[in-house]
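Analysis of the macromolecular model
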Amino acid sequence: MADIFVSYTSSDKDWAFWIGLELETLGHTPHIHEWEISAGGDIPAWMEDRIQRADRVLSVVSSIYLTKDYSSWERRSAQWAAQRQRPNFLLLAFVDDCEAPITLAHVKRCDLFGVSEDDARARLKTYLEPPAKPIGPARFPGAGKPAQSPAAKGQAVSFPGAKFALSNIPIFVPRHFLGRDEAIEAIDAGLKRYEGRVAITALHGLRGVGKTTLAAAYAERHRGDYRATWWIRAQTADTMRADLAALGVRLGWVAADEKEEPALDRVRERLRHEGAGLLLIYDNATSASNLRPYLPMGGAARVLVTSNAHAWRGIAAPVEVRLWPVNIGADYLIARTGREGQRADAEMLSEALGGLPLAHEQAAAYCERLEISLAEYRQRFEATPERLLGGAKDAPAEYHDRLTVAKAFDLAIEEAAKLHPAAEPLIAHAALLAPEPIPLFLFSEGRESLGEPLSTLLADDGLDEAVAALRAFALVDREIIPDERNPAIVTETIRLHRLVRIAAALRRQGEAVQAARLVLIDAMAAVYPDNVFNDPGSWPRARRLDSIAFDLVCGASLPPDGAQTGASYV
């Protein structure tokens, strides 16, 4: 098997990635600069080193490729090496019907354009195999014409050999994209559930769980299904308006110099009548109500939304993007770091990271950069999680310009506080409790112990509104938990992801932490059953409180008068 340097130009990136993955499937090692060079990397130095060490150079040849400087340098270097000292060093994969320069006319080539994906795959495999005569009898040439491929029949095929669809996707799907096949199937089912009318699917989940990456991966995998895929920045009304107007310009629906308001009206109207075959991706939408005015109001476009908010059932089919299970997280850590012999350590680290993909990427980047083991990272993480979660050096450039796990959650808490003033103190207090479901009655019935202004803010429906504000940014889950011994008894609770808990706890420092613990102890005492030892009916409530009290009392001194909390372990 060979190390193969893949030479291509940016307009043929889809082809290069497809070829690279096929090379891996065949057992080769492809070298593609977008897979290997980090932000700020020295591309010419990397190119020189990789070509020097490669067994072969494979040029992804198109009419544009033949005109670009970088690709010409790579191709000519390989031609020179093949002529002087390395026979068969240059491989040619033509991806459009362009005329080869005279200097390449003598080189055996592989044409991948104008055929189905299966045909292209077979051609590439045959091209890379050593020459040999066929085994067994040859097919009689007069046996009839072979069946046409899907591409020859004009059918859509989901690989780069199909006619290139319009796309402005700005997201690079990571090389190690794992564990999302079921989610992609759910997206596809949601988008195809209606015939002849708009279908909307909304991806929601925790920050850093990979919603945007999943949307880009779906679009890439199904690009042959759509004549255009358009990415819309949905954080604000201004970005949505600008990106929809840009869509109109690219499709020829509006003139480039047309004013925005009439351009938007024209785009909305054309989407109503000509939306079939379009996939619109609204990334990072804040809420259904803010997005609604910018959605197609009719027609047959397909719409995919990503959001931290969970409330989408009014306009879309929601798909929750879940945390990685331990086995997938471990697979990622091993693939990303190359630590093949550290499976047990990878599983323990994935568990510690709570299955959050962004945290896994930061951990893997840290291990690779400092050349430490996964076990060593876990030890450092357990000692100072806040330091590693906030490490900007290891945050991926693709995630909101190197937003770390810690900063992502911190910003989310600040945004939630704008929706309701009790959101920030509520989650900061909850972060001091054990990582178990927290009964909401602790804050509703014990609110007067929490002091002002929080006590007043949680009155009436204030607690529900504060929880809703936190849920709007995927900071807490609201759950109804049955009692372990009597499932008929249920408790409304909130639950914090372990990394959210770390970020929220950092919002209180020094004496403020001690003060918050003391008021929580007072609230616990206020709601704890009075006669727990003689009243079995109170045990379910006591068990629910006992499960969250341990971290609280271990980290706090008792009030000056020595008052007890009433907690016991039933």
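Residues numbered from 1 in each chain as written. Predicted model: local features only at pLDDT ≥ 70, side-chain atom pairs only at ≥ 80, totals over all residues. Heavy atoms only, no water.

So, about the sheet that holds strand S4 (residues 90-94). The five strands are arranged S2-S1-S3-S4-S5 in an open sheet whose pairing can be described as parallel. Of all strands in the sheet, those bounded by a partner on one side alone are strand S2 (29-31) and strand S5 (109-111). For this sheet, the mean inter-axis angle between neighbouring strands, taken without regard to orientation, is 25°. Here helix H3 (residues 43-53) sits on the sheet and contacts strand S1 (3-7), S2 and strand S3 (56-61); the angle it forms with S1, its principal contact strand, is near 140°. Along the sheet, helix H5 (residues 117-128) contacts S3, S4 and S5; its crossing angle with S5, the most-contacted strand, is approximately 170°. (Pairing = 2+ DSSP bridges. Helix = DSSP H or I, 4+ residues; strand = E, 2+ residues; numbered from the N terminus. Axes fitted to C-alpha atoms, helices over the stretch in contact; angles between N-to-C directions. Contact = heavy atoms within 4.5 Å.)

Our focus in this paragraph is helix H20 (residues 462-471). Here H20 has its buried residues at Gly462, Leu463, Ala466, Val467, Ala469 and Leu470. For H20, the buried positions fall inside an angular range of 155° around the axis, keeping them on one side. As for H20, its buried residues are in contact with helix H16 (405-419), helix H17 (423-430), helix H18 (441-444), helix H19 (454-457), strand S13 (477-482) and strand S14 (490-495). (Buried < 20%, exposed > 50% of the residue type's maximum accessible area, 1.4 Å probe, protein only. Arc of directions from axis to C-beta.)

Quick look at unusual backbone geometry now. A cis amide bond, omega 5°, links Glu452 with the succeeding residue Pro453. Within the secondary structure, Pro453 is located in the loop between H18 and H19. Positive phi, close to 55°, is recorded for Asp460, a residue that is not glycine. Locating Asp460 in the fold gives a position in the loop between H19 and H20.

What follows is about the nonpolar core. By size, the foremost hydrophobic cluster in this structure holds 96 residues, and its most contacted members are Phe443 and Leu475. Apart from residues no more than four positions distant in its own chain, Leu475 is found in contact with Phe409, Ala412, Ile413, Ala416, Ile427, Leu470, Arg495, Leu496 and Val500. Counting 44 residues, the second largest nonpolar core, distinct from the first, contains Tyr8, Met47, Ala81 and Leu104. (Core = buried A, V, L, I, M, F, W, Y, C linked by side-chain atoms within 4.5 Å.)

On to the packing of helix H8 (residues 237-250) against helix H9 (residues 260-274), then. One can describe the packing of H8 onto H9 by two numbers: an axis separation of 9 Å at closest approach and a directional angle of 65°. Where H8 crosses over H9, the two elements pack in a sense that is left-handed. Listed contacts from H9 to Arg241, Ala242, Leu244, Ala245 and Gly248 of H8 are Glu260, Glu261, Leu264 and Val267. A class-by-class count of the residues in the contact of H8 with H9 yields five nonpolar, one polar and three charged. (Left-handed = near helix turned anticlockwise from the far one by under 90°. Nonpolar A, V, L, I, M, F, W, Y, C, P; charged D, E, K, R; others polar.)

On the surface, a cluster of nonpolar side chains totalling about 300 Å² of accessible area is made up of Ile43, Tyr70 and Trp73. Tracing the backbone through its elements, the reader meets Trp73 in helix H4 (residues 69-84). (Patch = residues over 30% accessible without salt bridge, like charges linked within 9 Å, V, L, I, M, F, W, Y side chains within 5 Å. Areas by Shrake-Rupley, 256 points an atom, 1.4 Å probe, with all protein chains shown as cover. Salt bridge = Lys/Arg side-chain N within 4 Å of Asp/Glu carboxyl O.)

Okay, empty space enclosed by the protein next. In total, this model carries one cavity of 30 Å³ or more according to the counting rule given. Approximately 40 Å³ is the volume attributed to the largest cavity. Surrounding the largest cavity, Ala430, Ala434, Pro435, Glu436, Ile438, Ile494, Arg495, Leu496 and Arg501 form its lining. A class-by-class count of the residues in the lining of the largest cavity yields six nonpolar, no polar and three charged. (1 Å grid on protein atoms, 1.4 Å probe; cavity = no way out; pocket = protein on both sides within 12 Å on 5 of 7 lines; lining within 4 Å. Points joined across faces, edges and corners; volume = space filled by probe spheres on them.)

What follows covers the layout of surface pockets. Space inside the second largest pocket adds up to approximately 770 Å³. Leu206, Leu323, Asp477, Arg495 and His497 are the residues nearest the centre of the second largest pocket, which is lined by 30 residues in total. Broken down by secondary-structure element, the contributors of at least two residues to the lining of the second largest pocket are strand S11 (317-320), helix H14 (374-383), S13 and helix H21 (498-505).

For strand S12 (residues 438-439) and S14, the ladder comprises two bridges, and the chain directions are antiparallel. Pairing of Ile438 across the sheet is with Ile494, part of S14. Of the pairings in the sheet, the one linking S13 to S14 comprises six bridges and is antiparallel in character. From the neighbouring strand, Asp477 faces S14, where its bridge partner is Arg495.

Attention shifts here to the pattern of salt bridges. Taken as a whole and assessed by the stated rule, the structure comprises 36 salt bridges. Here Lys192 and Asp225 are joined by a salt bridge, their closest N and O atoms 4.0 Å apart. Note that Lys192 is positioned in the loop between helix H6 (181-191) and strand S7 (199-204) and Asp225 in the loop between helix H7 (211-221) and strand S8 (228-233), a separation of 33 residues in sequence. Given a relative accessible area of 48%, Lys192 falls into the partly exposed group. Glu260 is the partner of Arg241 in a salt bridge, and the nearest nitrogen-oxygen pair spans 2.9 Å. Of this pair, Arg241 sits in helix H8 while Glu260 sits in helix H9, and the two are 19 residues apart along the sequence. Through salt bridges that share partners, Glu22, Glu117, Asp118 and Arg121 make up one connected network.

What follows concerns the sheet that holds S11. Spatially, the six strands line up as an open sheet ordered S6-S8-S9-S10-S7-S11, and their pairing is parallel. The strands lining the two open edges of the sheet, one partner per strand, are strand S6 (166-167) and S11. Direction of pairing for S8 relative to strand S9 (residues 278-285): parallel, over a ladder of six bridges. Note on S9: the bridge partner recorded for Thr229 is Leu279.

Function-wise, these values are silent; they only describe arrangement.
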